[in-house]
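Results of the structural survey
Residues per chain are reported as follows:
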Amino acid sequence: MTLFIGGTRSGKSLCAERYAAQFELPVLYLATAELDDEDMELTIRIMDHQIRRPLSWTTFEQPTNLVMALEHAPPGTVVLLDCFSRLVHNLLEAHRDDQAQASASLAEELDAILATTQARNLTLIIVTKELGMGLGTDTPEDRAYHDLLGLANQRISAVADEVYLVIAGLPIELKHLAPVWHRA
């Protein structure tokens, strides 16, 4: 498993796509963002991603419950999940009135993704946002999102083989830079 993490417009998705292409294996692209008639900027971003994707890749657009797509992926498939941070957003929206349920749903979803990836011998590449380096609003909803995503990102990075922080389009591998005392 490989994690690509970075801020908005850092180039994390493009780096993850280039990384996935290097395997020269079938790629399943799991897209968690949905077109929104009221959010033209998001729609344009989604279309940019769609246009950039190779035609040979299979795309599965699913805002939550990603295991359905993973269960149909042939063993050995490269799976590019873009974007985990949107998955967290989608789960929070689905459980808007119950943050504890959103947290439980996220834990279940992540457990299922990791277990299915291992059971089916898939190569998983996850794209997610790093929210800890930028400004954020201070609403209860934003704090809940930042907390859930931050904890999930930590969990993913702990089990990932490689973690790339993408800044200005440049991927920097972090796990090998971590001090020895932290790797144990």
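Residues numbered from 1 in each chain as written. Predicted model: local features only at pLDDT ≥ 70, side-chain atom pairs only at ≥ 80, totals over all residues. Heavy atoms only, no water.

**Considerations on the pairing of strand β3 (residues 58-61)**
- Note that strand β2 (residues 27-31) and β3 share four bridges and pair parallel. Looking across to β3, one finds that Leu30 is bridged to Phe60.
- Considered for its hand, the β-α-β crossover made up of β2, helix α2 (residues 40-52) and β3 is right-handed. (Pairing = 2+ DSSP bridges. Helix = DSSP H or I, 4+ residues; strand = E, 2+ residues; numbered from the N terminus. Right-handed = clockwise from strand over helix to strand, strands pointing away.)

**Side note on the layout of surface pockets**
- If you add up the space inside the largest pocket, you get close to 790 Å³.
- Along its surface, the largest pocket is lined by 30 residues, and Leu42, Arg45, His49, Cys83 and Lys129 are the ones closest to its centre.
- Every element with two or more residues in the lining of the largest pocket is listed here: α1 (12-21), β2, α2 and α4 (84-94).
- The element that contributes the greatest number of residues to the lining of the largest pocket is α2, accounting for eight residues.
- Broken down by class, the residue content of the lining of the largest pocket amounts to nine nonpolar, nine polar and twelve charged. (1 Å grid on protein atoms, 1.4 Å probe; cavity = no way out; pocket = protein on both sides within 12 Å on 5 of 7 lines; lining within 4 Å. Points joined across faces, edges and corners; volume = space filled by probe spheres on them. Nonpolar A, V, L, I, M, F, W, Y, C, P; charged D, E, K, R; others polar.)

**Describing the packing of aromatic side chains**
- Taken as a whole and judged by the stated rule, the model has five aromatic pairs.
- Taken together, a centroid distance of 5.0 Å and an interplanar angle of 15° make the contact between Phe4 and Tyr164 stacked. Separated by 160 residues along the polypeptide, Phe4 in strand β1 (residues 2-6) and Tyr164 in strand β6 (residues 162-167) bring together distant segments of the chain. We note that Phe4, like Tyr164, is buried.
- Three or more aromatic residues joined by ring pairs form one cluster here, namely Phe4, Tyr19, Phe23 and Tyr164. (Phe/Tyr/Trp six-rings, centres within 6.5 Å; stacked < 30°, edge-to-face > 60°. Buried < 20%, exposed > 50% of the residue type's maximum accessible area, 1.4 Å probe, protein only.)

**Considerations on the nonpolar core**
- Counting 32 residues, the largest nonpolar core has Phe84, Val88, Ile113 and Ile126 as its most contacted members.
- Here Val88 is in contact with Leu106, Tyr145, Leu148 and Leu149, once residues within four sequence places are set aside.
- The next biggest cluster of nonpolar side chains, apart from the first, holds 16 residues, and it includes Cys15, Tyr29, Ile125 and Tyr164. (Core = buried A, V, L, I, M, F, W, Y, C linked by side-chain atoms within 4.5 Å. Contact = heavy atoms within 4.5 Å.)

**Re helix α6 (residues 140-159)**
- Over its 20 residues, α6 extends 29 Å from the first C-alpha to the last, a length consistent with the 28 Å expected when each residue adds 1.5 Å.
- Restricting attention to buried positions, one finds in α6 the residues Ala144, Tyr145, Leu148, Leu149, Ala152, Asn153 and Ile156. Along α6, the residues classed as buried sweep out an arc of 150° about the axis, all on the same side. α6 presents Pro140, Leu151, Gln154 and Ala158 as exposed residues on the side facing more than 90 degrees away from its buried surface.
- Contact partners of the buried residues in α6: β1, α4, α5 (99-119) and β5 (123-129). (Expected span 1.5 Å × (residues − 1). Arc of directions from axis to C-beta.)

**Concerning the packing of α4 against α6**
- Relative orientation of the contacting elements α4 and α6 amounts to 135°, with a least axis distance of 10 Å. By the criterion of interaxial angle, the relationship of α4 to α6 is oblique. Here the hand of the crossing between α4 and α6 comes out right-handed. Residues Phe84, Ser85, Val88, His89 and Leu92 of α4 touch α6, and the partners they reach there are Ala144, Tyr145, Leu148, Leu149, Ala152, Asn153 and Ile156.
- Here the residues of the contact of α4 with α6 are counted per class, giving nine nonpolar, three polar and no charged. (Axes fitted to C-alpha atoms, helices over the stretch in contact; angles between N-to-C directions. Parallel < 35°, antiparallel > 145°, perpendicular 65-115°, else oblique. Left-handed = near helix turned anticlockwise from the far one by under 90°.)

**Observations concerning the environment of Ala69**
- Relative to the helices and strands, Ala69 is located in helix α3 (residues 67-70).
- Classification of Ala69 by relative accessible area gives buried; the value is 5%.
- Measuring from C-alpha to C-alpha, the distance between Ala69 and Ile113 comes to 10.0 Å, with 44 residues separating the pair along the chain.
- Those residues within four positions of Ala69 in sequence are excluded, and the remaining contacts are Leu28, Leu30 and Phe60.

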